[in-house]
Amino acid sequence: MTHLPQLPVLETLEPLKASLATDGRAVLAAPPGSGKTTVVPLALLDEPWLRGRKILMLEPRRLATRAAAARMASLLGEKIGERVGYQIRFDRKTSAATRIEVITEGLLTRRLQSDPELPGVGLVIFDEFHERSLEADLALALTLDARANLNPDLRILVMSATLDTQAVSRLLEDAPVIESTGQLFPVEIRYRPPRADEPLDASVAHGVGVALAETDGDILAFLPGAREIRGAHRRLESRISSNIDVMPLFGDMDGAAQDAVLRPSPAGRRKVILATNIAQTSLTIEGIRTVVDGGFARVARFDRGSGANRLETQRISRAAADQRAGRAGRLGPGVAYRLWSAEQQARLVAQDTAEILSADLARLALELAVWGVSDPATLAWLDTPPATAWQSARQLLHELDALDEDGRLTVHGRELARLPTSPRRGHMLLTAQREGLAGIACWVAALLEERDGRFDGADLSLRLQALRDGRSATFDPAARRRVQDAARQLQGMLRVPETGSNDEADIGRIVGWAYPERIARRRPGQSAGEKEVRYQCVDGGEACLRAQDPLSRSEWLAIAHWEPGTSRKIYLAAALSGDDVERDHARHIHWHDECHWDTQAACVVAEQQRRLGRLVLSRRDQRSHSAEAVRRAMLEGVRALGLAVLPWNESSHQWQARVLSLRQWRPQENWPDVSDAGLLAGIEHWLGPYLDGISRRDHLARLDLHGILNAMLDYNQQQALARLAPTHLAVPSGSRIALKYDPDGPPVLQVKLQELFGLNDTPTVNEGRLRVSLHLLSPARRPIQVTQDLAGFWARTYPEVKKELKGRYPRHPWPEDPHTAPATARAKRRGQ
């Protein structure tokens, strides 16, 4: 048996072997640096149940895949490709003797789709499962299904350092949970919050400087992405000594360059590695004694509104912080500098969000369709795919002809699944192949997956020319190699020769096949001085391009990349012609009867539109249209213009105020909500039936709005409204005076003081429960007093009012006793 290094995970081997032998499944929880990645597979290699079969171990990243295989081969004293091998995209080192094969997560799904029984495989290990990638969740779901229905002898082991192990145990039908409590070496945590205005790359560079002064050995610093890594690199180069090597480490680097970072530093030199979370798990980097953690990661989130992924820089979880700190304690006692406060640490979320809850599910939906599953709930998941995202993914597959009308996988869909790219780009490649454009399409697909490159414009054709012409100022050599490798792999899979360099004119057509909803036409009528040119898209949205970009002169665009969200700034697109659109998308172009509100004309327009999606290609008048369609369009117009466009008068405004007052005074009764918001919410019910024959804004003046509003009340409510909130009140002079209602206060009665002589009590409404607010007026109808206490006014205020106004209005009565004087609305006759 192989001599295994003395690592903490050794304490778990006996219970782990027993569980796999008897139950066939297990969950292993072991802290970072405990040796689970390299020790466990080697320890299981000679188990009787594995005789003659191999172990497949899944890793979340290519770097970890190669590193894990290299470490295990080293422990066996062998070269990679003998008993231990690996496979990643573009690279495979295995042989007939290989018993442990380390692979990236997506490759297991491809093997399962090829042969669900996994012949020759006795154990599948899901390493670092806490990262919860979409590919890992899918691979586990399919593996569990294959084990349950096709290969019950297949063993499954899920390993993680930070994970809800009980949830995984339940997923694996109550699989035993084995925990390694041992920690390799202690790690001291030091919190060093940066200045509030300090850029992240600057704070990490400063933290590295502190760590170099306070600690020994090599340093691993975590940043969100390549941009921040380059910034920190520039800052460090000018301030550190010549015996310190600063080395970047991120996913898009060449594999050889990544491997070089992992090699020990030469004697007498220190090393600073600036890494993304590619170095967070599964790696033991020789010499690392210190970690400097910026505390952020860049995460892809799918924006369903724009159909594009957006990269968000966000705080890491507590689990991720523990993983990162653990890198410092693998080879000896270490130190981890956290560039945030202990209080912030306590507020971090416990675990990272699983990718299945936020990612584009189109590829997952396609793989499940190939598997024969239309409902993901029939499989086992830690988190079931969200229903909205799932339906969106299935709809996209239908639009790409991968699913038929009944949701079944088509021949085209099966062809898409065998291509190692997204369904959109696979559809693009297969369509291009039929059109004789597969060679250039492979280059387009490879370029669309590449994020590196520095360009002034958005023209994809120019970018592809620069790549293929080998202009070093535009493309990083490593980026060029990645694109070339990807393009050639796709060309090999499609069995087509490389197309010549003079076919860039078809790039717009090719992009349009991948993103048909992003085909866009320039909006007419834009002024020459605008900074951005706006394009109307097939999906109904709008995208914009800088006016100085030469591509903005094209009337039609096929957009490959844009800024997610509402802005939709175009990053990458290609020109195409109207003829291209008509030819390539003819079966999706249809005539539609359209009846809608035209804001500029302020009327309902009925027409037939020839459309690609929501993009109108041409129009013609429609002579006949249904009354219901006109009614809906007219309601759309009223909503757009607002309720003020209706013929309101004082009577209808007061009706609204009276009903709202009763709704407030008598909440136990079912008075409707006739506020502006309430009326708009139910406009189709109370206004819709009265819009027959009305198709223009000026036609609305015909409406009897007061009658329409009053029809919202049944007969009993109408009677109650008149009784409880009357429009007028009779006063002692014989006048009937209008009340003014306001839901926020008592109704107002404006009345001349002389008309209330003989009245001792304040008038009321709402069955006597509410006194009105009397606005007492002089004979000239000027305000004298506001009161809800008429008796108090007569007793205390009237004598002062009489003294002040009697001389000014001598022809009006000012009796000594207003309680007994006759009320009048008139002045005295002259001479009286």
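*Asks:* Tell me about the overall build of the chain, and please be specific about residues and values.
*Replies:* Helices and strands together make up the secondary structure of the chain, namely 27 helices and 31 strands. Here the C-alpha atoms of the chain give a radius of gyration of 39 Å, more than 25% beyond the 28 Å that 2.2 N^0.38 yields for 832 residues. Projected onto its principal axes, the C-alpha positions of the chain cover 130 × 65 × 60 Å. Every one of the 832 residues in the chain was classed for burial, and the buried ones make up 53%. Summarising the internal contacts of the chain: among those between residues at least 6 apart in sequence, 65% fall at separations of at least 24. A total of about 37,700 Å² of accessible surface is found on the chain, and carbon and sulfur atoms cover 47% of it. One finds the centroid of the 110 positive side-chain charges in the chain at a distance of 5 Å from the centroid of its 106 negative side-chain charges.

*Asks:* Can you break down the pairing of strand β21 (residues 570-576) residue by residue, with the values?
*Replies:* Buried residues dominate β21, accounting for 5 of its 7 residues. Where strand β20 (residues 556-562) meets β21, 6 bridges bridge the pair, whose relative direction is antiparallel. Residue pairing in the sheet places I559 in a bridge with A573 of β21.

*Asks:* Please give an account of helix α2 (residues 36-44) that cites residues and values.
*Replies:* The element α2 is largely enclosed, with a buried count of 9 among its 9 residues. Turning to α2, its buried residues number three or more, namely K36, T37, T38, V39, V40, P41, L42, A43 and L44.

*Asks:* Outline the sheet that holds strand β27 (residues 745-752), supporting the account with residue identities and numerical values.
*Replies:* Pairing between sheet strands relies on hydrogen bonds along the backbone, with the strands arranged either parallel or antiparallel. Strand order in the open sheet made by the 5 strands is β25-β26-β27-β30-β31, with mixed pairing throughout. The sheet is open, and its two edges are formed by β25 (728-730) and β31 (783-787), each paired on a single side. If you compare each strand with its neighbour and ignore which way they point, the axes differ by 25° on average. Where β27 lies against strand β30 (residues 773-777), 5 bridges are found, and the strand directions are parallel. Bridge assignment links L749 to a residue of β30, and that residue is L774. Sheet strands in contact with helix α22 (residues 650-665) are β26 (736-742) and β27, and its direction is about 65° off that of β26. The strands that helix α27 (residues 790-805) touches are β30 and β31; relative to β31, the one it contacts most, it runs at about 170°.

*Asks:* Requested: an account of the environment of E636, with residues and values cited.
*Replies:* Its location among the elements puts E636 in helix α21 (residues 627-641). The exposure class of E636 is partly exposed, given its relative accessible area of 38%. Spatially, the C-alpha atom of E636 lies 9.3 Å from that of V604, the residues being 32 residues apart in sequence. Once you skip the residues sitting within four places of it in the chain, E636 turns out to touch H596 and W597.

*Asks:* Lay out the nonpolar core with the relevant residues and their values.
*Replies:* Counting 95 residues, the largest nonpolar core has L108, F126 and L172 as the members making the most contacts within it. For L108, the residues in contact, after removing those within four places along its chain, are L56, L58, I103, L118, V124, F126, A139 and T143. Counting residues in each nonpolar core, the second largest holds 62 residues, with L635, I683, V731 and L739 among its members.

*Asks:* Describe in detail the sheet that holds strand β6 (residues 121-126), supporting the description with residues and values.
*Replies:* Strand order in the open sheet made by the 8 strands is β4-β3-β5-β2-β6-β7-β1-β8, with mixed pairing throughout. Two strands lie at the open edges of the sheet, namely β4 (91-93) and β8 (177-179), each paired on one side alone. Mean inter-strand twist for the sheet, computed between neighbouring axes without regard to direction, equals 20°. Pairing between strand β3 (residues 84-88) and strand β5 (residues 100-104): 4 bridges, direction parallel. Opposite Q87, over in β5, you have I103 as the bridge partner.

*Asks:* Requested: an account of the pairing of β30, with residues and values cited.
*Replies:* In terms of residue burial, β30 counts as a mostly covered element, since 4 of its 5 residues are buried. As paired elements, β30 and β31 share 4 bridges and run antiparallel to each other. Looking across to β31, one finds that H775 is bridged to V786. Counted along the chain from β30 to the antiparallel partner β31, the turn is 5 residues long, and its residue R781 has a positive phi close to 65°.

*Asks:* Explain α21 residue by residue, including any values.
*Replies:* Taking 1.5 Å as the rise per residue, α21 with 15 residues should run 21 Å; its terminal C-alpha atoms sit 21 Å apart, in good agreement. All of the buried residues along α21 are A629, V630, R631, A633, M634, L635, G637 and V638. Contacts made by the buried residues of α21 are with β22 (589-598), β23 (603-612) and α24 (683-686). Looking one or two residues past α21, G642 carries a phi angle of roughly 95°, positive in sign.

*Asks:* Which residues make up the packing of helix α16 (residues 438-448) against helix α17 (residues 460-469), and what values go with them?
*Replies:* Remark: α16 packs on α17, axes separated minimally by 11 Å, with the N-to-C direction vectors making an angle of 100°. Overall, the two elements α16 and α17 adopt an arrangement that is roughly perpendicular. In this structure, α16 contributes I440, W443, V444, L447 and L448 to the contact, and α17 contributes L460, R463, L464, L467 and R468. Taken together, the residues that form the contact of α16 with α17 break down as 8 nonpolar, no polar and 2 charged.

*Asks:* How would you summarise the packing of helix α1 (residues 13-22) against α2 if you had to cite specific residues and measurements?
*Replies:* Running from amino to carboxyl end, α1 crosses α2 at an angle of 55°, the nearest separation of the two axes being 11 Å. Between α1 and α2, the angle falls in the class oblique. The two elements α1 and α2 meet at a crossing, and its hand is right-handed. Taking contact as the criterion, the partners of L13, L16, K17 and L20 in α1 are, on α2, V40, A43 and L44. Partitioning the contact of α1 with α2 into residue classes produces 6 nonpolar, no polar and 1 charged.

*Asks:* Which residues make up the pattern of salt bridges, and what values go with them?
*Replies:* Oppositely charged side chains can pair when the atoms bearing their charge come close. One pass over the full model with this rule turns up 51 salt bridges. For R227, the salt bridge identified is with E228, shortest N-O distance 3.2 Å. Exposure remark for R227: the relative accessible area of 57% places this residue in the exposed category. The buried category is assigned to E228, whose relative accessible area is 10%. Linking D539 and R568 is a salt bridge whose minimum nitrogen-to-oxygen distance equals 2.6 Å. In this pair, D539 is assigned in the loop between β18 (532-537) and β19 (542-546) and R568 in the loop between β20 and β21, connecting sequence segments 29 residues apart.

*Asks:* Quick rundown of the packing of aromatic side chains? Include the residues and the values.
*Replies:* Counted according to the given criterion, the structure contains 6 aromatic pairs. Here the aromatic rings of F757 and Y798 are separated by 6.3 Å at their centres, their planes lie at 80°, and the arrangement is edge-to-face. Of this pair, F757 sits in the loop between β27 and β28 (764-765) while Y798 sits in helix α27, and the two are 41 residues apart along the sequence. The same class applies to F757 as to Y798, namely buried. In this structure, R620 packs its charged tip against the face of W591, placed 4.0 Å from the ring centre.

About the cut-offs
Residues numbered from 1 in each chain as written. Predicted model: local features only at pLDDT ≥ 70, side-chain atom pairs only at ≥ 80, totals over all residues. Heavy atoms only, no water. Helix = DSSP H or I, 4+ residues; strand = E, 2+ residues; numbered from the N terminus. Rg over C-alpha atoms; globule rule 2.2 N^0.38 Å. Buried < 20%, exposed > 50% of the residue type's maximum accessible area, 1.4 Å probe, protein only. Contact = heavy atoms within 4.5 Å. Areas by Shrake-Rupley, 256 points an atom, 1.4 Å probe, with all protein chains shown as cover. Lys, Arg positive; Asp, Glu negative; His and termini not counted. Charge placed at Lys NZ, Arg CZ, Asp CG, Glu CD. Pairing = 2+ DSSP bridges. Axes fitted to C-alpha atoms, helices over the stretch in contact; angles between N-to-C directions. Core = buried A, V, L, I, M, F, W, Y, C linked by side-chain atoms within 4.5 Å. Expected span 1.5 Å × (residues − 1). Parallel < 35°, antiparallel > 145°, perpendicular 65-115°, else oblique. Nonpolar A, V, L, I, M, F, W, Y, C, P; charged D, E, K, R; others polar. Left-handed = near helix turned anticlockwise from the far one by under 90°. Salt bridge = Lys/Arg side-chain N within 4 Å of Asp/Glu carboxyl O. Phe/Tyr/Trp six-rings, centres within 6.5 Å; stacked < 30°, edge-to-face > 60°. Lys NZ or Arg CZ within 6 Å of the ring centre and 35° of its normal.

Any functional reading would require information that these geometric values do not contain.
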